[in-house]
Amino acid sequence: MPASAQGVTLGDVFRWGSAGLAVAAVVFICVLALRRVHLSRQEHLRNRAESRLRPLALAIIDGDAGEFALPDEHDIRVLAGLLSRYARQLTGTAHGHIAAYFEARGEVEREMEGLRGRRPWRRATAAFALGGMSSPTAVPTLLRALEDPNASVRSAVACSLGRLKAPEAVKPLLEALVSGAVPGSLAGWALISIGAAGLPGLGKLVTHPEAAIRAVTIDLVGVLGDPAYTPLLTERLRDSAAEVRAKAAVSLGRLGASEAATELRTVLDDRVPYVRAVAAEALGAIGDRRAVDALLGMARHDQQDPAQAAATAVARIDPRALRASAENPDAGPYVLEASDLVAMRAV
Amino acid sequence: MLVADDDEDILDLVVFRLEQANYDVASATNGAEALTLARERIPDLAILDVMMPKLDGYEVTRQIRANDETRDMPVILLTARVQEADVTRGFEAGADDYIKKPFSPQELRARVQSILGRR
């Protein structure tokens, strides 16, 4: 039987449908507006609490807070957030005071318990919170959590191990980086954050059986910049893996390791073009004048990448020699190009 | 004393430490404001973040040095960038010293006292 026969026309259906949609839209807008008001109020309350608690937070990081009581859970959370943010900006004894505060309140223990929880979001939150508490007692638990099945948890753990500057995390972080368990940029950031304290651990991994780990380690030693590691890096210029030889050359260049120049010159004959190119760049960074003839030869006769790198290196070491070489009829495109760039920069 | 940093947490931490050591501190959250305060108040020392909105720490230092009234004001740069080139750039702009972020409050105080003691 047609709808119009029962007194309901198609027009009625559209009218009721439109009215329903209009009501739903109004309700949706009201919900959004209420939510916005709620969030603004929360932010306002947090800002007020932060202003009130800032002197206490500053006294805690200075170790001068003495006995105090906080009125409610909201204030406790705000103070924890402030301390965690301040911890990021400070080095030295402040971290000990921040750790003492969180340990005394049982917060470190609570978050370590959270790291053993069932829900991944809770474990990730706990892992992240532990990084801001500056407490070294959390490190063993965090190291175990680096094997968590959830990627977000592992990332939060890596971030916190970096913030805690835990030297014992160097090897697990490197392994996590190489295996892809933690995104490379995050694990690299954590390792760089650990900084000089992690160098002894990195030094041991320079000869790790896995080439990928050797390569990342050597890269980090170069970034962290300790010249004491020059002999160790120089040895790796003879590594069986091209990736490792290349990273060793790059790191020696970064360190400006002039004592490695003789070995680096031999790498200009490496069978892999990329390794020859980075060796040329490293010699350019070191400013090794004894490499100029070999580099000019390479710039004239080698493949594109190493030839370009060699010409650029000569431009850095001895621009006059490069311009003189560009006068020769067999100078080749890379010497001419680098010489033109030198001339343009001089104008 | 003038302290300028666009990160309010760092501003809190530095200002607190200096006030605790009984220094009178004015603060700014961008380079232009820092320069105005430096010219108006002629502080005994300026601690400037390198990466600030409007004018960076290098430029503020350069302009402090270019002005007759502020030329001799000691400047410490507060920087997360500690590559040699960045440090050199800071000294070339006219900075007297630099402190790496994250920083040690004790070191900050020692550097400030050392620079003020030298003058």
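Below is a short write-up of the structure. (Residues numbered from 1 in each chain as written. Chains lettered and ligands numbered in written order. Predicted model: local features only at pLDDT ≥ 70, side-chain atom pairs only at ≥ 80, totals over all residues. Heavy atoms only, no water.)

Residue and element names in this part refer to chain B. For helix H1 (residues 8-20), spanning 13 residues, the distance from its first C-alpha to its last is 18 Å, which sits close to the expected 18 Å at 1.5 Å a residue. Among the residues of H1, those classed as buried are Asp-9, Ile-10, Leu-11, Asp-12, Leu-13, Val-14, Val-15, Arg-17 and Leu-18. With a side-chain oxygen lying 2.8 Å from the backbone nitrogen of Asp-9, the N-terminal cap of H1 falls on Asp-7. (Helix = DSSP H or I, 4+ residues; strand = E, 2+ residues; numbered from the N terminus. Expected span 1.5 Å × (residues − 1). Buried < 20%, exposed > 50% of the residue type's maximum accessible area, 1.4 Å probe, protein only. Polar contact = N/O pair within 3.5 Å; in protein donor to acceptor, adjacent residues only side chain to side chain.)

Quick look at the side chain of Ser160(A) now. Residues and elements named next belong to chain A. Its location among the elements puts Ser-160 in helix H7 (residues 151-163). Residue classification places Ser-160 among the buried residues on the basis of a relative accessible area of 1%. Within the structure, the side chain of Ser-160 is placed 3.4 Å from the backbone oxygen of Phe-128, a separation counted as a polar contact.

Looking now at the layout of surface pockets. Roughly 1300 Å³ of volume is contained in the largest pocket. Around the largest pocket, the lining comprises 45 residues; the ones closest to its centre are Lys165(A), Ile192(A), Ser193(A), Lys100(B) and Pro102(B). Of the voids in this model, the second largest pocket is the one considered here, and its volume is about 600 Å³. As for the second largest pocket, its lining consists of 25 residues, of which Ile76(A), Arg77(A), Val78(A), Ala80(A) and Gly81(A) are closest to the centre. Every element with two or more residues in the lining of the second largest pocket is listed here: helix H1 (10-62), helix H2 (73-89), helix H4 (107-114) and helix H5 (120-131) of chain A. Per element, the largest residue contribution to the lining of the second largest pocket is eleven residues, and it comes from H2(A). When grouped by side-chain class, the residues that make up the lining of the second largest pocket number eight nonpolar, six polar and eleven charged. (1 Å grid on protein atoms, 1.4 Å probe; cavity = no way out; pocket = protein on both sides within 12 Å on 5 of 7 lines; lining within 4 Å. Points joined across faces, edges and corners; volume = space filled by probe spheres on them. Nonpolar A, V, L, I, M, F, W, Y, C, P; charged D, E, K, R; others polar.)

Looking now at the side chain of Asp270(A). Inspection of the secondary structure puts Asp270(A) in the loop between helix H14 (261-267) and helix H15 (273-286). Accessibility expressed as a relative area gives 11% for Asp270(A), which makes it buried.

Here we take up the interface of chain B and chain A. The interface is formed by 13 residues belonging to chain B together with 13 residues belonging to chain A. A combined buried area of about 1200 Å² lies between chain B and chain A, and 53% of that area is made up of carbon and sulfur atoms. If you sort the residues of chain B by the area they bury against chain A, Asp9(B), Leu13(B) and Pro102(B) come out on top, with a joint share of 41%. At the junction of chain B with chain A, the criterion picks out three salt bridges. Notably, a salt bridge pairs Asp62(A) with Arg17(B), separated by 2.3 Å at the nearest N-O pair. In this assembly, chain B and chain A are joined by ten residue pairs in polar contact (both at pLDDT 80 or more). At the level of secondary structure, the elements contributing two or more residues to the side of chain B that touches chain A comprise H1 and helix H5 (105-118) of chain B. Looking at the side of chain B that touches chain A element by element, the count peaks at seven residues for H1(B). (Contact = heavy atoms within 4.5 Å. Buried area = accessible area lost by both parts, 1.4 Å probe. Salt bridge = Lys/Arg side-chain N within 4 Å of Asp/Glu carboxyl O.)

Residue and element names in this part refer to chain A. Taken together, the side chains of Val-8, Leu-10, Val-13 and Phe-14 define a hydrophobic patch exposed on the protein surface, amounting to about 410 Å² of accessible area. As for its position among the elements, Val-13 is in helix H1. Its relative accessible area of 49% is what places Val-13 among the partly exposed residues. (Patch = residues over 30% accessible without salt bridge, like charges linked within 9 Å, V, L, I, M, F, W, Y side chains within 5 Å. Areas by Shrake-Rupley, 256 points an atom, 1.4 Å probe, with all protein chains shown as cover.)

All right, on to the pairing of strand S3 (residues 46-49) of chain B then. Residues and elements named next belong to chain B. Side chains Ala-46 and Leu-48 of S3 all project onto a buried face; the interleaved residues Ile-47 and Asp-49 project onto the opposite face, where all are buried too. When strand S1 (residues 2-4) meets S3, the two strands line up parallel, connected through three bridges. If you follow Leu-2 over to S3, its bridge partner there is Ala-46. Alignment of S3 against strand S4 (residues 75-79), held across four bridges, turns out to be parallel. Note on S4: the bridge partner recorded for Leu-48 is Leu-77. Each parallel crossover has a hand, and for S3 linked through helix H3 (residues 57-66) to S4 it is right-handed. (Pairing = 2+ DSSP bridges. Right-handed = clockwise from strand over helix to strand, strands pointing away.)

Next up on the list: the packing of aromatic side chains. Applying the stated criterion to the full structure yields two aromatic pairs over all chains. Taken together, a centroid distance of 5.1 Å and an interplanar angle of 70° make the contact between Tyr101(A) and Phe102(A) edge-to-face. Across this residue pair, the class does not change: Tyr101(A) and Phe102(A) are buried. When the ring of Phe91(B) is compared with that of Tyr98(B), the centres are 6.1 Å apart and the planes differ by 75°; the resulting orientation is edge-to-face. Taking the relative accessible area as the measure of exposure, Phe91(B) reaches 41% and is therefore partly exposed. (Phe/Tyr/Trp six-rings, centres within 6.5 Å; stacked < 30°, edge-to-face > 60°.)

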